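Working through the structure, step by step
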Amino acid sequence: MTPIVFVHGFLGGSRQWQRQVEALQGYDVITLDLPGFGENAQRDAFCSISGFADWALNELKARDIERFHLVGHSMGGMVAQEMVARAPERVGRLVLYGTGSVGVLPGRFETIDTSKTRACADGPKVTARRIAATWFLERENALEYELCATIAQKSNLKAMLSGLDAMHSWSGAENLPAIRTKTLIIWGDRDRTYPWSQTEQLWQSIPNANLAVIPNSAHATHLEKAELFNGILRDYLVA
């Protein structure tokens, strides 16, 4: 049975995937915490997407996981693209969810530079809760908001700035046509972080990529529409 590896996004963590872990009960599921975030918040974050990708590949190798299916969300989707570029033979199927191939994030709810300025002015905890709210249609009133805000608050200011710099300086657009791994693109149609243009680029540029658009959901579709998201994911990865 091929393990399924989940890579969270900026200010995320492994605990965000609990509903997916439950839905995939019986399968070997690995939920990583990137350095600087989640349960690895005490570790120094990398300032590049390639740094996170190298760490993830090495971490999986250290766990004796050579081949796996890969799900990357948001910044984790960028990391996943770099992982496939570095080790395509290790990835069975790829899911790029709520992500894009251009790190400057055109159309984001605010620019990367604005997020950095506000993080320095407001502090990491206020910033964590503010940004986490943008992931949900109902913002702070969303059922799963507090879970995500609590995870986001684990990261310190240095990790936040490193993560933002890593995204801002990255582009994987030129690598998309070379991705031969079977790929599924998942996008919530009300995503405030990644607009349709980013999703469309992935879908149109990766050979034979499939697309699933989930209605009435924002950036945290896997929590807002968990049953639908999990059904799509399970059908794609374990069929």
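The structure this text deals with has already been given above.
Okay, so let's go over this structure. (Residues numbered from 1 in each chain as written. Predicted model: local features only at pLDDT ≥ 70, side-chain atom pairs only at ≥ 80, totals over all residues. Heavy atoms only, no water.)

**Remarks on the sheet that holds strand β5 (residues 182-188)**
- The strand order β2-β1-β3-β4-β5-β6 describes an open sheet built from six strands, whose pairing is parallel. Sheet topology places β2 (29-32) and β6 (210-214) at the edges, where each strand pairs with a single neighbour. The average angle at which neighbouring strand axes cross in this sheet is 15°, direction not considered.
- Note: β5 against β6, five bridges, orientation parallel. (Pairing = 2+ DSSP bridges. Helix = DSSP H or I, 4+ residues; strand = E, 2+ residues; numbered from the N terminus. Axes fitted to C-alpha atoms, helices over the stretch in contact; angles between N-to-C directions.)

**Let's talk about the packing of helix α4 (residues 112-122) against helix α7 (residues 157-168)**
- It is at 10 Å that the axes of α4 and α7 come closest, and there the two elements cross at 170°. Considering their axes alone, α4 and α7 lie roughly antiparallel with respect to each other. Residues Ile112, Ser115, Lys116, Ala119 and Cys120 of α4 lie in contact with α7, whose contacting residues are Leu157, Leu161, Leu164, Asp165, Met167 and His168. (Parallel < 35°, antiparallel > 145°, perpendicular 65-115°, else oblique. Contact = heavy atoms within 4.5 Å.)

**Quick notes on the side chain of Ser217**
- Tracing the sequence through the fold places Ser217 in the loop between β6 and α9 (221-224).
- Discounting chain neighbours no more than four positions away, the residues touching Ser217 are Leu137, Gly188, Asp189, Arg190, Asp191, Glu224 and Lys225.

**What to know about empty space enclosed by the protein**
- The final tally for this structure, using the stated rule, is one cavity of 30 Å³ or more.
- Looking at the largest cavity, its volume works out to about 160 Å³.
- The residue makeup of the lining of the largest cavity, split by class, is ten nonpolar, eight polar and one charged. (1 Å grid on protein atoms, 1.4 Å probe; cavity = no way out; pocket = protein on both sides within 12 Å on 5 of 7 lines; lining within 4 Å. Points joined across faces, edges and corners; volume = space filled by probe spheres on them. Nonpolar A, V, L, I, M, F, W, Y, C, P; charged D, E, K, R; others polar.)

**Considering the pairing of strand β4 (residues 91-97)**
- Burial within β4 is extensive, with six of its seven residues counted as buried.
- A crossover links strand β3 (residues 68-73) with its parallel partner β4, the connecting element being helix α3 (residues 75-86), and its sense is right-handed.
- When β4 meets β5, the two strands line up parallel, connected through five bridges. Bridge pairing in β5 places Val95 opposite Leu184. (Buried < 20%, exposed > 50% of the residue type's maximum accessible area, 1.4 Å probe, protein only. Right-handed = clockwise from strand over helix to strand, strands pointing away.)

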